[in-house]
Amino acid sequence: MKDLIKIRDLAVRFYTYEGIVYAIDDLDLEIRQGETLGIVGETGSGKTMTALAILRLIPYPGKIESGSILFFDKSIDQELELLKLRDDRMRSIRGNRISMVFQEPGAALNPVYTIGDQISEVFLLHRRRELAQRAKQRLDSLLSDGNGLAAGVKRPFWGWQRRIYDKIAKESHAFEPRLLGRLPLFRRLLWRMGYEAKLLTVDMLKDVEIPDAARVAVQYPHQLSGGMKQRAVIAMALACSPELLIADEPTTSLDVTIQAQMLELFRRIKVDKGASILFITHNLGVASEVCDRVAVMYAGRLCEVAPVGEMFVHPLHPYTKALLNAVPMPGKKLETIPGVLADALNPPPGCRFHPRCPSAMPICGQERAKLKEVSKDHMVACHLY
Amino acid sequence: MDTLVDIKKLKKHFPILGGVFRRPVGMVKALDGVSLAIRRGQWLGLVGESGCGKTTLAKTVIRLWKPTSGHIYFDVPDETKALIEELESQGKNGSKLNYLLNENDLATFSGNRLRSLRRRAQLVHQDPFTSLDPRMKIKSTVGEPLRIHHVLSGEAARSAVKELLERVGLSAGQLERYPHQFSGGQRQRIAIARALATKPEFIAFDEPTSALDVSVQAQILNLLKDLKKEFGLTYLYITHELLIAESVCDYIAVMYLGKVVEMGRPEEIFHSPRHPYSQSLIAATPVPDPSRRVGRIVLPGEVPSPANPPPGCAFHPRCSRASDECRELAPELRPVSSDHYVACFHPL
Amino acid sequence: MELRAYIARRLLLLIPVLFGVTVFIFAITMFFSPTERATLYVTSPQGMRDLPSIIEQYGLDRPFFVQYGTWLNQVFHGNLGWSNVVSMPVGRAIFHYLPATLELAIFATPIIILTGIFFGSRAAAHKDKPVDHATRVVAILGWSLPTFWLGLLLMMIFYGYFRGLLPPGRLSSAMEIMVTSGDFIRYTRINTLDAILNLNGPVLLDALRHLILPVITISTVNVAFIMRLMRSSMLESLGKGYILTARAKGVQEKLVISKHARRNALIPVITVSGYLFAALAGGAVITETIFSFKGMGWWASQSALRLDISSVLGFALFMAVMFVLVNLVVDILYTRVDPRVRLGGGVQ
Amino acid sequence: MSSWKLMLRQIVRNPLSLAGVIIIFIFITLAIFAPLIAPVPEGHRDPYLIPHDGYSITPQPPSEEHIFGTTQGQYDIFYGCIWGARTAFRVAFLVMAITILIGLVLGSLSGYFGGKIDEVIMRITDVFLAFPALILAMAIVASIGPSINTVIIALCVVWWPSYARLIRGDILALREEDYVEASRGLGASSARVILRHVLPNAIYPTLIMASLDIGAVVLSAAALSFLGLGAPEGYADWGQMTEFARNWIVGPQNDPLKYWYAVITPGVFILFFVLGWNLLGDAFRDIFDPRLARR
């Protein structure tokens, strides 16, 4: 089976006042179909930037310097080069085929729109034809069932509406609906699509186990608790059944018990929807809970990629080992990593971890180690192997 | 081991203002009757989720905030406490009782008495990015307590500050810098140095590592361990991460919605928790060990608002063992084995 | 419910403010001798002759608060004194001159708000691009222009150089005669509106011709202000997490700006509409004076120049009351725009 | 201090703020060296009163003797504009200094102690803020009697409440800051907390606002003068000189712009003075306002 996402030689740089920040350096990584891939690392390791690079949403003054990101499009059995896609094609992928959940659910939701509005927007953006189809069907049943005087009066209007929706359903860029959509007052005549989107939204909210979904749909973000907001954000990301769900520290701002609920939800999503998940976290415990494979990043580079069992039982890279030893575990002496995180402005030459590495060799300060497969599926970038 | 800090039935309520006249229309019961004893030399871990009142407890214990009711004794002999309790139980509001309370109960302190307490008890805040004055050089920040309490001055103060900084792992060459020139971990070291300046006996930590990376967190925890041994300190350590509490603390108290629901030694709490909440909290904690992945209990629902806590046991709406009794009566902390207390009618 | 309490509270707060405003106004009159103060109570031309008896009648030599009470009673009965400059009671003068000022405001306000918001959000959307720099320069320049000087320059060019193209005043004399003749009904005394209601084209065109320069003059500074405010609030909004969410959803950039960012960015702009009222009121004084546009501002400046104190204070009092009411409306409007306020009512 | 160097570098790098610095510098030079640039004629009593050559009403165009020409009443425009810089600085700095002082005292009392004190101070500011600024200033000047000092007093009365509010708001926010709480936890007295931690952190936003406000103060003072509610006749004041030009905006039939020099010159001085401060204030805000600086 083809990999869903294949990242090759990706480099992201930030051109700031102080100098160039090497946020991601020559990253090679693939996300397989139906797997949960975790990226773990500390602050500034480039986890979030990797995610944003896939969506091509690197914020100013950052730039994708080079590399390629291939997205396997099942429907046409072809790989798309995301970095070379036209802007409107890329937009039709965002939120539709690849979607993202952010760390702060409070910040990720627009405070002046209701939860329902914000989720419906996704349907209205990417599922126009389907919505029009549903609206048409509803009108069909109205036309056939509608009795009485009121229905008699409305019948011609329904017929007209049905024709418009039919056009949208067949060809989303037909002239008449487009014209209607442009005119300020007439835009309202297309309300049935918004209505259908609302219905789908409520289903979506139920799907992420929000109790009382219909009521939550008309509420504003500030009326919900952190956990509920995160569920709503997840519902928004799942709305169009994406092939890849990117979750950027989705549980960091939540309490432990809510985090457990959320992790359960992610596990279920993977099973039910068959989506791949790119799960970014700094919490090794969380990574071991949900991921199938884990990638460890340090200062913009990949150190090690391995299946989760391998990674936590037989870590190879000195940084991975040190990181695991730094996690407080009962009955175990806490070990610290000497020194401070590599400076992203002036990264050390060679392997970026070598100044802190207990088993550094002369070569580590001169040459960076390439990622190589040491056992099946276990890749490490270290001169020791 | 004798008790250094003894908290008795501590309550802290915050008014909710509302209506036309901004009058209190309700109370957020951040602390709703907490009793806790911290022994000299102990590292007590206080765990709980956000909104359970753990930060309020820390700030009330070192008297940044004034409690609504209850007693806080700091280094008070047991006889005195017993005497106060006896006088109180007699229901008399005599001058003797008032005198004793004014002399011994931190909750009544103000002015000079409070200032002298400040030398003995300190707080380290959660976020090192906000707890240091951005317009003050490091030497002034760390030296501030020395100046406030007129402990040392001039050259002696300067060398004391230098020593403190070196003790927490910073170099003396960084004295003239401002906080923004330091990383999060370094800032937290500075905050710790500041707390140590007056040679206190007791330090409360309010999630000191939650804003830091894993590797830095380990450095800070090891530093705290060393400092405790070196200066014979007593710690109240607040955290929401159970793994930290389990691996570094000597004694653990679990809080839920303004109350302590269980306390005991870490081995007991983690291996045989007796309160359903502690159990599910432990079960919910992710551990970096894929083999422990099975058999999670996912606790349903969310923590209720402390402004409107459920009647009876506050945990009952989320508890699978809840009975009618739980819905009406609030359980008190009861010993289940030596040094292990649970507030539950149906302990596990 | 919370909203109603909020409005009730706002209304209650109006009472001390309005009380303070009247005390303050009256305190200012204490700079004057009783004879001069007597004009505050005159209601007819004859009254100006027997000021001594008015001193007697209103007890202008009695203690401050007694006099204040007498005056306030008069104010409540609509008696604000005599305007010497225009030879009519102050109350009548206010309503005589209000329509002209309103007319100015009716034309200026939409221009200020729409242009300000349009260019402000464009500048933010194209930060550090030529549009942004141009707006910035224009805004700072507009913000620095002395209104009165701008008015003089405009008049020098469009009245002097172009030979009376855009003349001062409200109407040319021929139209003035037409308006005051019996056939033209002055419903509102707002010339443009009356001309439309009377279906009188020439008057409408003439009135518009006289409005162009005053409207430009009074708008320039405020457009600059709204533009800058909109830009910075838009930039703030564009940096928020929900913008990234919108982009990650696949929303077109145009909609990201117009739907997600702008609505949030408008919230702070609404809060300054109160300021806009004050700026327009002050601007009207200067603009109307320069262009002899006979509205309240013109009347006030003439009165101030001749130290006609009852007119100036009557005008100030009227403006203060209007300003307070405008701010009340803005506050209520604010709750409509920001759902967090509308449905809020959280802790504290 | 490195942060000062950084700030200077940021100001110099941006052409707009650099222009602001240069403009202000030029005006400072003009104000300081006014007696050298525009010497006071011998036997002239008050240097701030513009010397005038005769009493003819009609302005005279620039000549050898009066390089900017003379305005209504034969007042020398050049002299008035140069000495007017002193007036502008005096009004601006006095108003700002008094306003900030009142604002700091009342704002910190109000913000730090809260309760009744806060309520009373805030209700008083409400009363002052209930008036549109220029109108209140106008009423005050008209009541006390026009003069430069009255203008200063009136502008202080109008301006202080917004500073008291700003500072109160900052202090309310600062009071909740962890480092302020930490200082109290160390045993610092209220006075120490206010003086060492709260005020130093509150003063910067105040100064930024002040630098943005100086232009507005000068504009308001000039507007009052323009309305005839400012300096006595003949005083070196840009607003009043603009007012002198009011009757001369339209020249004779054959030369409608004949008296341009009387209209344009004093206005240009006001414009550039205010522009200089606004450019500088804008730069300060960009540098210091952390919410904007991050982008």
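Residues numbered from 1 in each chain as written. Chains lettered and ligands numbered in written order. Predicted model: local features only at pLDDT ≥ 70, side-chain atom pairs only at ≥ 80, totals over all residues. Heavy atoms only, no water.

**Concerning the sheet that holds strand 4 (residues 62–73) of chain A**
Residues and elements named next belong to chain A.
Inference 1: Strand order in the open sheet made by the four strands is 2-1-4-5, with antiparallel pairing throughout. What marks the edges here is a single partner per strand, and that holds for strand 2 (20–31) and strand 5 (78–81). In this sheet, neighbouring strand axes are inclined to one another by 15° on average, regardless of whether the strands run parallel or antiparallel.
Inference 2: In terms of strand pairing, strand 4 meets strand 5 through four bridges, oriented antiparallel. Its bridge partner lying in strand 5, Leu70 is registered against Glu81. (Pairing = 2+ DSSP bridges. Helix = DSSP H or I, 4+ residues; strand = E, 2+ residues; numbered from the N terminus. Axes fitted to C-alpha atoms, helices over the stretch in contact; angles between N-to-C directions.)

**Structural notes on the domain arrangement of chain A**
Size of an interface, as often reported, equals the accessible area lost when the parts are brought together.
Residue and element names in this part refer to chain A.
Inference 1: Each assigned domain of chain A is listed with its residue range as follows: domain 1 (1–109 + 242–385) and domain 2 (115–201).
Inference 2: For domain 1 and domain 2, the distance between their C-alpha centres works out to 42 Å.
Inference 3: Listed by partner, the interface residues are six residues for domain 1 and five residues for domain 2.
Inference 4: For the pair domain 1 and domain 2, the two sides together bury roughly 380 Å², of which 50% comes from carbon and sulfur. (Domains from an automatic or database assignment. Contact = heavy atoms within 4.5 Å. Buried area = accessible area lost by both parts, 1.4 Å probe.)

**Considering unusual backbone geometry**
Inference 1: Cis rather than trans, the peptide bond between Tyr60(A) and Pro61(A) has omega equal to 0°.
Inference 2: Inspection of the secondary structure puts Pro61(A) in the loop between helix 1 (47–54) and strand 4.
Inference 3: Positive phi outside glycine occurs at Arg56(A), with the angle close to 55°.
Inference 4: With phi around 55°, Leu199(C) is a residue other than glycine that occupies positive phi space.
Inference 5: Within the fold, Leu199(C) resides in the loop between helix 9 (191–197) and helix 10 (201–238).

**Quick word on the packing of helix 4 (residues 77–113) of chain D against helix 5 (residues 115–129) of chain D**
Residues and elements named next belong to chain D.
Inference 1: With their axes 7 Å apart at the nearest point, helix 4 and helix 5 run at an angle of 140° to one another. As the angle between them shows, helix 4 and helix 5 are arranged oblique. Taken as a pair, helix 4 and helix 5 cross one another with a handedness that is left-handed. Mapping the contact onto sequence places Leu106, Leu109, Ser110 and Phe113 in helix 4 and Gly115, Ile117, Asp118, Ile121 and Met122 in helix 5.
Inference 2: Within the contact of helix 4 with helix 5, the residues separate by chemical class into six nonpolar, two polar and one charged. (Parallel < 35°, antiparallel > 145°, perpendicular 65-115°, else oblique. Left-handed = near helix turned anticlockwise from the far one by under 90°. Nonpolar A, V, L, I, M, F, W, Y, C, P; charged D, E, K, R; others polar.)

**Quick notes on the interface of chain C and chain D**
Inference 1: Contacts between the two partners involve 56 residues from chain C and, on the opposite side, 54 residues from chain D.
Inference 2: When chain C packs against chain D, the two sides together hide about 4800 Å² of surface, and 78% of this comes from carbon and sulfur.
Inference 3: Summed over the three residues of chain C that lose the most area to chain D, namely Phe148(C), Trp149(C) and Met156(C), the buried surface amounts to 14% of that side.
Inference 4: Joining chain C to chain D, the criterion identifies two salt bridges.
Inference 5: Here Arg228(C) and Asp282(D) are joined by a salt bridge, their closest N and O atoms 2.8 Å apart.
Inference 6: At the junction of chain C and chain D, the tally comes to six residue pairs in polar contact (both at pLDDT 80 or more).
Inference 7: Looking at the side of chain C that touches chain D, the elements with two or more residues in it are helix 1 (2–29), helix 6 (130–144), helix 7 (147–161), helix 10, helix 13 (273–290), helix 14 (296–305) and helix 15 (309–337) of chain C. (Salt bridge = Lys/Arg side-chain N within 4 Å of Asp/Glu carboxyl O. Polar contact = N/O pair within 3.5 Å; in protein donor to acceptor, adjacent residues only side chain to side chain.)

**Details of the environment of Ala253(B)**
Residue and element names in this part refer to chain B.
Inference 1: You can see Ala253 is positioned in strand 8 (residues 251–256).
Inference 2: Of the residues examined, Ala253 reaches a relative accessible area of 0% and is grouped as buried.
Inference 3: Distance from Ala253 to Ile238, taken between C-alpha atoms, is 9.6 Å for residues 15 residues apart in sequence.
Inference 4: Among residues more than four places away in sequence, those in contact with Ala253 are Leu36, Gly45, Leu46, Val47, Val260, Glu262 and Met263. (Buried < 20%, exposed > 50% of the residue type's maximum accessible area, 1.4 Å probe, protein only.)

**A short note on the interface of chain A and chain B**
Inference 1: Contact with chain A, which involves 40 residues of that partner, is made by 32 residues of chain B.
Inference 2: Interface area for chain A against chain B, summed over the two sides, is near 3100 Å², with a carbon-plus-sulfur share of 59%.
Inference 3: Considering only the side of chain A, the residues that lose the most area to chain B are Val256(A), Thr257(A) and Glu289(A), jointly responsible for 19% of the buried surface there.
Inference 4: Viewed at the interface, chain B and chain A are joined by zero salt bridges.
Inference 5: Our enumeration of links across chain A and chain B arrives at 13 residue pairs in polar contact (both at pLDDT 80 or more).
Inference 6: Among the elements of the structure, helix 10 (226–238), helix 11 (256–273), helix 12 (284–290), helix 13 (308–313) and helix 14 (318–326) of chain A are those that each provide at least two residues to the side of chain A that touches chain B.
Inference 7: With eight residues, the single largest contributor to the side of chain A that touches chain B is helix 11 of chain A.

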